[in-house]
Amino acid sequence: MDKFLLILFLLVLTGSCRNEVEQKTVATEKNKKWWKEGILYQLYPQSFKDTDGDGFGDFPGVVEKLDYLESLGITMVWMNPFFESPLVDNGYDVSDYRAILPRYGTMDDFDAMLDGMHERGIKFVLDVVVNHSSDQHKWFKGASSSRDNEYHDYYHWWPAEKGEPPHRHSLFDPEGGWDYVEAVDAYYLHTFAEVQPDLNWENPKVRQEVYDIMKFWAEKGVDGFRMDAFQFASKDTTFPEFPKGHEKDFIKWYGMRPQLHDYLKEMNNEVIRKYDVFAVSEGAGSTFEDAHKLVDADRNELQMAYHFETVDLSRTPEGYTLKEFKDVFTSWDESFAEEGWISIFLSNHDNARMVSRFGNDSPEFRTVSTQMLNTFLLSMRGTPYIYYGDELGMTNLDMPKIEEYVDIDAKGKYKAAMANNEDMDAFMEVLNYSSRENGRTPMQWDTTANAGFTNGTPWKKVNPNYREINVAAQENDPNSVLSHFKKMTEVRKKNPVLVYGDYELLLPEHEQVYAYTRTLGEDRVLVLLNFSERESTIDMEKLNGQNILINNYDDLDLEGTSVTLQPYQAVIVSMETES
Ligand code: GLC
């Protein structure tokens, strides 16, 4: 058992500290925002609830589950794209930004869903996919038909008379980011798949089209925007040769060009400030400075960003160390302590399941370890983003064979690995662990066929463990992941210290326990999270205050000078401060 000293309490209880805290509290009051106080639930509509038996989730399905969403205590829903699309990249290839893909329902169904959310105090965040469109969008069809077409300059072209374009890395296409179109005798750029041509943000007409689309949805009443792949929107349009070996820091080379900030200011003026909406960027650049430039209030650009450092920690079955995990969250918090705001997340539709990556998905530990991770997400500074199913502890799906994969990303990576003569068994092991398909399986509602997701054939295989992990089984069990999640959202909402309070890391070197305090004026809480399947004891020099706000085990003895945490135990203690 490890033993460590907790010394901080003596420090933070001093008068000088109190003054500093009060000053920060005043600043916090000024900076209060609904989107900072919110708890966001990411809903993958394709996999949530199907009502018409086509095996594909739909808006009426979401409407059917609105009371469920409300019961979770979440206050915002970000829904992945549901627009007209050929679905080559599951909707991230939009062919009409104002039309709904009929499989999801009609515009009336959308309105009913939005109203239903608003009636329950839930805000709606729209996914805006405008780094690229689908090649089936009328803009690209026109653009690729003739150089004189009015939409030709909506995309980036390399005319063939200049020779072959310099190599450009593509995130989905092993053959690179340029593709030739005979009708215009030129190559178009695609950062993602061949069917996702990049929009030319340098063209003011394109920007105006985007703002008009955003206004259309803001007028309908959406409350926020998630800007997909946005750090790639501005390019160095001389298109220099991509430096080989830098595929992993692609953004540094090709994203976040300075003019992006002009565009964001323009977007802020045209859309964001006119409606009471916020916008979050997918990606935060490659430095803290990049991230601040996107979100600091005085810049009048975006309001929030999410970085990939956490999910990058655990891309192989070897996993991560708790020290690395703490370093990532602590350094981001430090950088954003005074200015700017970020999201806190551990999984989404581009990642494997949270408990399988950061917790322990064995039957013995998956309940407690998911509860622990949810306690973490909901007790950090930053807006928590909870991915559907993580309120139940849904796990990865075992898919050892490439034939089972439908995702364009997985297929592209497989092709590239084959071309590079990689060890394909090792490749499949990593893919099975890390593939984003793990995170897209149908929501597990009950023990009926297909987990109650559909009466038809689900578009994606249901995880067979739905018989044990499902809403119905957990709803009436006070010790379930779901019940704990509901308690935890309530704790966050009742304790503004968890939203705005200063974060201080304790025991930075401890390999099993992540411990920190959050402090806002007179309020202080201590968060203790055991990230391991072993018991762990920590010594405390002084712990004056014993009001336990949440605990995923029945007991916790705070009387002595040490605390023993059970495997994956997660506790939040409200501390009394000396006056
Ligand atoms: C973003 C989305 C991802 C999509 C990609 C291309 O990263 O989150 O799902 O495949 O953009 O649009």
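Residues numbered from 1 in each chain as written. Predicted model: local features only at pLDDT ≥ 70, side-chain atom pairs only at ≥ 80, totals over all residues. Heavy atoms only, no water.

Things to note about the overall build of the protein chain
Selection criterion: Under the DSSP-based scheme used, a helix requires at least four consecutive residues in state H or I and a strand at least two consecutive residues in state E, with every element numbered from the N terminus. Radius of gyration: C-alpha atoms only; globule rule: 2.2 Å multiplied by the number of residues to the exponent 0.38. Three exposure classes are used, based on accessible area relative to the maximum for each residue type with a 1.4 Å probe and protein chains only: buried under 20%, partly exposed in between, and exposed over 50%. The accessible surface values rely on the Shrake-Rupley method and a 1.4 Å probe; as for residues, cover is taken only from the protein chains in view. Only four residue types enter the charge count: Lys and Arg as positive, Asp and Glu as negative, with His and the chain ends excluded. Just so you know, the charge point we use is NZ for Lys, CZ for Arg, CG for Asp and CD for Glu.
Of regular secondary structure, the protein chain possesses 20 helices and 21 strands. Taking 2.2 N^0.38 as the reference for a compact globule, 579 residues should give roughly 25 Å; the C-alpha atoms of the protein chain span a radius of gyration of 24 Å, in line with that estimate. Each principal axis of the C-alpha atoms in the protein chain carries an extent, and together these give about 80 × 55 × 50 Å. Buried positions account for 60% of the 579 residues belonging to the protein chain. Roughly 22,400 Å² of accessible area belongs to the protein chain as shown, and the carbon and sulfur atoms make up 47% of that amount. In the protein chain, the 58 positive side-chain charges and the 100 negative ones have mean positions that sit 2 Å from each other.

Observations concerning the sheet that holds strand β8 (residues 178-181)
Counted only if it meets this: Strands are labelled as partners when DSSP assigns at least two bridges between them. An axis is simply a line fitted to the C-alpha atoms; with a helix, the fit covers only the stretch in contact. Between two such axes, the angle follows the N-to-C directions and lies from 0 to 180 degrees.
Strand order across the open sheet formed by three strands is β7-β9-β8, with antiparallel pairing between neighbours. Two strands in the sheet have a free side with no partner beyond their single neighbour: β7 (157-159) and β8. Across the sheet, the mean angle from the axis of one strand to that of its neighbour is 30 degrees, orientation sign disregarded. Pairing geometry for β7 and strand β9 (residues 186-189), over three bridges, is antiparallel. Residue pairing in the sheet places Pro159 in a bridge with Ala186 of β9.

Some words on the nonpolar core
To be explicit about the condition: Remark: nonpolar core denotes a set of buried residues (Ala, Val, Leu, Ile, Met, Phe, Trp, Tyr, Cys) joined through side-chain atoms within 4.5 Å.
If you look at the biggest cluster of nonpolar residues, it comprises 147 residues, and the most contacted ones within it are Tyr41, Leu69, Phe82, Phe225, Phe325 and Tyr514. Ranked by residues supplied to this core, first place goes to helix α8 (residues 204-220) with seven residues. Counting 15 residues, the second-largest nonpolar core is a separate cluster that includes Ala515, Leu526, Leu558 and Leu565.

Looking at the domain arrangement of the protein chain
Put simply, the test is: Bear in mind that the domain bounds are from an automatic or database domain assignment.
According to the domain assignment, the protein chain contains domain 1 (1-31), domain 2 (33-132 + 204-490), domain 3 (138-189) and domain 4 (501-576). Summarising the inter-unit geometry, the C-alpha centres of domain 1 and domain 2 are found 33 Å apart.

Regarding the site of the ligand
Here is the rule: For this purpose, a residue is taken to be near a molecule or strand whenever a single non-hydrogen atom of the residue falls within 4 Å of it. As used in this structure description, the phrase polar contact means that two N or O atoms lie within 3.5 Å; if the pair is within protein, one of them must be able to donate a hydrogen and the other to accept it, and residues adjacent in sequence are counted only when both atoms belong to side chains. Three classes are used, and their members are as follows: Ala, Val, Leu, Ile, Met, Phe, Trp, Tyr, Cys and Pro are nonpolar, Asp, Glu, Lys and Arg are charged, and the others, Gly among them, are polar.
Near the ligand you find 13 residues, and of these Asp89, Asp228, Glu282, His349 and Asp350 are the closest. Between the ligand and the protein, one listed contact pairs an oxygen atom with a side-chain N or O atom of His132 at 2.8 Å. Interatomic distance of 3.0 Å between a side-chain N/O atom of Arg226 and an oxygen atom of the ligand. Considered on its own, the ligand offers 300 Å² of accessible surface; in the complex 96% of this is hidden by protein. Here the shell around the ligand is built from residues that sort into three nonpolar, three polar and seven charged.

Topic: a negative patch on the surface
In plain terms, the rule: Patch membership requires over 30% relative accessible area and the absence of a salt bridge. Like charges are linked within 9 Å, and nonpolar side chains (Val, Leu, Ile, Met, Phe, Trp, Tyr) within 5 Å. We count a salt bridge whenever a side-chain nitrogen from Lys or Arg sits within 4 Å of a carboxyl oxygen from Asp or Glu.
On the surface, a cluster of negative charge is contributed by Glu318, Glu422, Asp423, Asp425 and Glu429. Turning to its location among the elements, Glu429 is positioned in helix α17 (residues 424-434).

With respect to the pattern of salt bridges
The full count for this structure, using the stated rule, is 30 salt bridges. The salt bridge involving Arg366 is made with Glu468; its shortest N-O contact spans 3.9 Å. One end of the pair, Arg366, is in helix α15 (residues 366-377); the other, Glu468, is in the loop between α17 and α18 (471-475), with 102 residues separating them in the sequence. Measuring nitrogen to oxygen at the nearest pair gives 3.1 Å for the salt bridge that ties Asp502 to Arg381.

Quick look at the packing of helix α6 (residues 107-119) against α8
What counts, and what does not: Should an angle fall under 35 degrees it is called roughly parallel, over 145 degrees roughly antiparallel, and 65 to 115 degrees roughly perpendicular, with every other angle called oblique. We call two residues contacting when some pair of their heavy atoms lies within 4.5 Å.
Between α6 and α8, the shortest axis-to-axis distance is 11 Å and the interhelical angle comes to 55 degrees. With respect to their mutual orientation, α6 and α8 come out oblique. Residue-level contacts link Met107, Phe110, Asp111 and Leu114 of α6 to Phe216, Trp217 and Lys220 of α8.

Quick look at the pairing of β9
Burial along β9 is two-sided: Ala186 and Tyr188 and Tyr187 and Leu189, pointing in opposite directions, are all buried. Examined bridge by bridge, β8 and β9 share four bridges and lie antiparallel to one another. The partner of Tyr180 across the bridge, within β9, is Tyr187. Between β8 and β9, which pair antiparallel in sequence order, lie four residues; one of them, Asp185, sits at a positive phi of approximately 45 degrees.

Some points on the confidence of the model for the protein chain
To keep things clear, this is the line we draw: Confidence of the prediction at every residue is given by pLDDT, a number between 0 and 100.
On average, residues of the protein chain score 93 in pLDDT, and 93% of them reach the 70 mark or higher. Between residues 1-27, whose pLDDT stays under 50, and residues either more than four places distant or in other chains, the model counts 52 contacts.

Some words on the environment of Asn31
Looking at the element boundaries, Asn31 is found in the loop between α2 (15-30) and α3 (34-37). On the accessibility criterion, Asn31 (31% relative accessible area) is partly exposed. Taking the C-alpha atoms as reference points, Asn31 and Gly340, separated by 309 residues in sequence, lie 9.8 Å from one another.

Structural notes on unusual backbone geometry
Even without a glycine there, the phi angle at Leu87 is positive, about 60 degrees. Structurally, Leu87 can be placed in the loop between β4 (83-84) and β5 (96-100). A positive phi is found at Asn90, a non-glycine position, where the angle reads about 45 degrees. Tracing the sequence through the fold places Asn90 in the loop between β4 and β5.

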